[in-house]
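What follows is the residue order along each chain.
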Amino acid sequence: MQLQLPEPSADALAASRSLQHLIADEIRRSDGWVSFARYMELVLYAPGLGYYSGGAAKLGKEGDFTTAPEISPLFGATLAHLATELFEQTDAAIMEFGAGTGKLAFDILSELRTAGRLPTHYFIVEISTQLRARQQETLRDFPQVRWLDSLPASFSGVVIGNEVLDAMPVQLVVRGEHGWLERGVALDAAGAFAFSDRACDAGLVAQIPEADALPPGYLSEVHPIAAGFMQSLGAMLQDGKGAALLFDYGFPAHEYYLHERGQGTLMCHYRHHAHPDPFYLPGLQDVTAHVDFTAMAKAAIDGGLDVLGYTSQAAFLLSAGIGDLLLRTPPEQARAYLPQANAVQKLISPAEMGELFKVLAVGKHIDWPQRLYAHDRSHRL
């Protein structure tokens, strides 16, 4: 299928070709086949060339997609007020994973500064040097911010991950006529990337409910890397007190692995165009999959954490008070109020982000605020 998408610049195209050569060389060194997770890791994170580690614009109007913090500062303000509640039970510290442009951190810290409740530290775990440089510029007025290359051994406080889990490499599995196969990446006769199936380790499909009842040809993703991250969160919070809030698009397992979703959820984003081809312009587009929140919750529990709550983004934001924050601008001041109201509507509308995006909260030694249980869906995990 020929995709009709905006043309990249000559420099971007050259970078993509360099990454294609790098991946092709690894495939040849690996007996002609790599797992899709390894391919996805390279196209997203190969040093200097991957989508998140290279120089391409990712977020906002000039990028490939828009995230909740880019839509409204009230998203971050809502999280700031929840964080101040949780600070009563834990250290006044925040850790954010994959902070993008730094917009969410800026909005949280600005709100906390106004409230006189700035944290002692705001840690950002960021592997992209290009994004880190952008964050450092955005957050230059907040000396509380520190950047980390990896998870610390221990932490007490509030952890935030907005669209982090969906950016973690997934493995692909497909039901063959005689059992499950793992779908990886090989090179065709012309040297182009092509899917190739191999025998599958039984443990790889363990997270799929009633996997053997699914029909031949059924294709989906499994998430061992994201599950490992959840277990690492458990290890980091094990000796302290803390809560982790994870925002992402996805489903519980019984909705994820439906017969009707027989070709999985893998999707690519390039200049605000969504399409299904992960081999298009490697390094210049985002490659992502929906999150299996049941697998994430189980991994958190295996890591020693409690599931504090699971609900839609709309229910979470409304219960956490985004409506009250919106009303700080009187509706009578229409010129100021209406743009903010429209932005909040995008965050909470079922037709926009409100229902597709979910919030999973996990933690250790934390009492979850009672009002956030109003629309809890943990029983559906």
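Quick note: structure is the one above.
Presented here is a report on the structure given in the accompanying data block. Treat the numbers as computed from the prediction; the structure is a model and nothing was measured.

This part covers the overall build of the protein chain. For the protein chain, the count of helices and strands is twelve helices and 16 strands. Taken against the 2.2 N^0.38 rule, which gives 21 Å for 381 residues, the C-alpha radius of gyration of the protein chain at 21 Å falls within 12% of a compact globule. Along the longest, intermediate and shortest principal axes, the C-alpha atoms of the protein chain span 65 × 50 × 40 Å. In the protein chain, once contacts between residues fewer than 6 apart in sequence are set aside, the share between residues at least 24 apart is 76%. A total accessible area of about 16,500 Å² is found for the protein chain, and carbon and sulfur atoms account for 52% of it. Side-chain charges in the protein chain split into 28 positive and 44 negative, and the spacing between the mean points of these groups amounts to 4 Å.

Strand order in the open sheet formed by three strands is E12-E11-E13, with antiparallel pairing between adjacent strands. Looking along the sheet, the strands with just one partner apiece sit at the ends: strand E12 (273–275) and strand E13 (286–288). Across the sheet, the mean angle from the axis of one strand to that of its neighbour is 25°, orientation sign disregarded.

Let us look at the packing of helix H1 (residues 10–29) against helix H2 (residues 36–45). Between H1 and H2, the least distance of the axes is 10 Å, while the angle of their chain directions is 150°. Compared by their axis directions, H1 and H2 come out roughly antiparallel. Relative to H2, H1 is oriented so that their crossing is right-handed. Taken together, the residues of H2 that come into contact with H1 (itself represented by Leu 19, Leu 22, Ile 23 and Glu 26) are Arg 38, Tyr 39, Leu 42 and Val 43. When its residues are assigned to classes, the contact of H1 with H2 shows six nonpolar, no polar and two charged.

The next point concerns the nonpolar core. Counting residues in hydrophobic clusters, the biggest one holds 48 residues, and the most contacted among them are Leu 79, Ile 94, Ile 108, Phe 316 and Trp 368. Looking at which element gives the most residues to this core, the answer is helix H4 (residues 73–87), with nine residues. The contact partners of Phe 316, leaving out residues within four places of it in the chain, are Leu 79, Leu 82, Leu 245, Phe 247, Thr 311, Val 359, Trp 368 and Leu 372.

An α-helix turns once per 3.6 residues; consequently, residues spaced three or four apart project the same way. In this model, helix H12 (residues 334–348) (15 residues) spans 20 Å end to end at C-alpha, consistent with the 21 Å of a helix rising 1.5 Å per residue. Buried within H12 we find Tyr 337, Ala 341, Ala 343, Val 344, Leu 347 and Ile 348. All buried residues of H12 lie within an arc of 165° about the axis, which places them on one face of the element. Turned more than 90 degrees away from the buried face of H12, the exposed residues are Arg 335 and Asn 342. Along its buried surface, H12 packs onto helix H3 (68–71), H4, helix H10 (313–320) and helix H11 (322–326).

Its 15 residues give H4 an end-to-end C-alpha distance of 21 Å, which sits within 8% of 21 Å, the value for a rise of 1.5 Å per residue. Across the 15 residues that make up H4, a large majority, twelve, are buried. All of the buried residues along H4 are Leu 74, Phe 75, Gly 76, Ala 77, Thr 78, Leu 79, Ala 80, Leu 82, Ala 83, Thr 84, Leu 86 and Phe 87.

What counts and how
- Residues numbered from 1 in each chain as written.
- Predicted model: local features only at pLDDT ≥ 70, side-chain atom pairs only at ≥ 80, totals over all residues.
- Heavy atoms only, no water.
- Helix = DSSP H or I, 4+ residues; strand = E, 2+ residues; numbered from the N terminus.
- Rg over C-alpha atoms; globule rule 2.2 N^0.38 Å.
- Contact = heavy atoms within 4.5 Å.
- Areas by Shrake-Rupley, 256 points an atom, 1.4 Å probe, with all protein chains shown as cover.
- Lys, Arg positive; Asp, Glu negative; His and termini not counted.
- Charge placed at Lys NZ, Arg CZ, Asp CG, Glu CD.
- Pairing = 2+ DSSP bridges.
- Axes fitted to C-alpha atoms, helices over the stretch in contact; angles between N-to-C directions.
- Parallel < 35°, antiparallel > 145°, perpendicular 65-115°, else oblique.
- Left-handed = near helix turned anticlockwise from the far one by under 90°.
- Nonpolar A, V, L, I, M, F, W, Y, C, P; charged D, E, K, R; others polar.
- Core = buried A, V, L, I, M, F, W, Y, C linked by side-chain atoms within 4.5 Å.
- Buried < 20%, exposed > 50% of the residue type's maximum accessible area, 1.4 Å probe, protein only.
- Expected span 1.5 Å × (residues − 1).
- Arc of directions from axis to C-beta.

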